[in-house]
Amino acid sequence: MQNIMQRMLGAAKLDVATYEEVEKDSDATVQALGVVVLVAVATGLGSLGYVGFSGMLLGIVAAVLGWAVWAGLIWLIGTKLLAEPSTEADWGQVARTTGFAQTPGLLRIFGFIPVIGPFIVLASGIWQIVAVVIAVRSALDYTATWRAVVVVLIGWVVSMMIYMLLGVGSTATVG
């Protein structure tokens, strides 16, 4: 079993074996939560000048709730609507893999840097989306990457609709 830092590095490298290991290790759920919180803190620190300390704290809570909801939607869509014959997963497997897939978001701590900060934030966001697709493909035992892409996109759209209905705003986005 790898420690959290090794797993984060593997997740950032888009290493399928890391996602498979995290998927199978139910004890890694707390580690995945830790990754989500670390990324939310990094995001908050990188945008502290814009959101302030209370905004950063709200962002951490929103990131954790957003991760849990998005993982639930991905699980539901991926196992009930778009399952392959080999698909077998529970919420925890999806939550663990997608939690570790947030690792590239640590780079958002550099969001405050003039001129290049926004590009770093954008690049980390794209990297996270790619990581989430790989995480979902692993967690749901998909053979087709396109199916994971569709599940991630549908899950994201539905979660954004829920946030808009609740009036949560953009601080609750994951990825």
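Residues numbered from 1 in each chain as written. Predicted model: local features only at pLDDT ≥ 70, side-chain atom pairs only at ≥ 80, totals over all residues. Heavy atoms only, no water.

**Considering unusual backbone geometry**
Where we set the bar: Starting at the N terminus, helices and strands are each numbered in turn, a helix being any DSSP run of H or I of at least four residues and a strand any DSSP run of E of at least two. Each residue is placed in one exposure class: buried if its accessible area under a 1.4 Å probe, protein chains only, is under 20% of its type's maximum, exposed if it is over 50%, and partly exposed if it falls in between.
Of note in this structure, leucine 14 is not a glycine but carries a positive phi near 65 degrees. As for its placement among the helices and strands, leucine 14 is situated in the loop between helix H1 (4-12) and helix H2 (16-24). Owing to a relative accessible area of 26%, leucine 14 belongs among the partly exposed residues under this scheme. We note that valine 115 has phi near 70 degrees; this positive angle belongs to a residue other than glycine.

**Observations concerning a nonpolar patch on the surface**
Convention followed: Residues form patches when they are more than 30% accessible in relative terms and have no salt bridge. Like charges link within 9 Å. Nonpolar side chains (Val, Leu, Ile, Met, Phe, Trp, Tyr) link within 5 Å. In short, Shrake-Rupley with a 1.4 Å probe defines the accessible areas, and a residue's cover is counted only from the protein chains shown. Throughout this description, the term salt bridge denotes a Lys or Arg side-chain nitrogen within 4 Å of a carboxyl oxygen of Asp or Glu.
Together, Leu45, Leu48, Tyr50, Val51, Phe53, Leu57, Leu107, Ile109, Phe110, Phe112 and Trp127 line one region of the surface with nonpolar side chains, adding up to about 1,000 Å² of accessible area. Broken down by element, the nonpolar patch gets its largest block of residues, five residues, from helix H4 (residues 48-81). Position of leucine 107 relative to the elements: it lies in the loop between helix H5 (91-100) and helix H6 (117-139). Using a relative accessible area of 31% as the deciding quantity, one classes leucine 107 as partly exposed.

**As for the environment of proline 118**
Counted only if it meets this: Contacts are residue-level and defined by heavy atoms, with any inter-residue pair within 4.5 Å sufficient.
Looking at where proline 118 falls in the secondary structure, it is placed in helix H6. You can call proline 118 exposed: its relative accessible area is 54%. Taking C-alpha positions, proline 118 is 25 Å from isoleucine 134, a pair spaced 16 residues apart along the chain. Beyond its immediate stretch of four places on either side in the chain, proline 118 contacts Gly111 and Ile113.

All quantities given are derived from atomic positions and should not be read as evidence of function.
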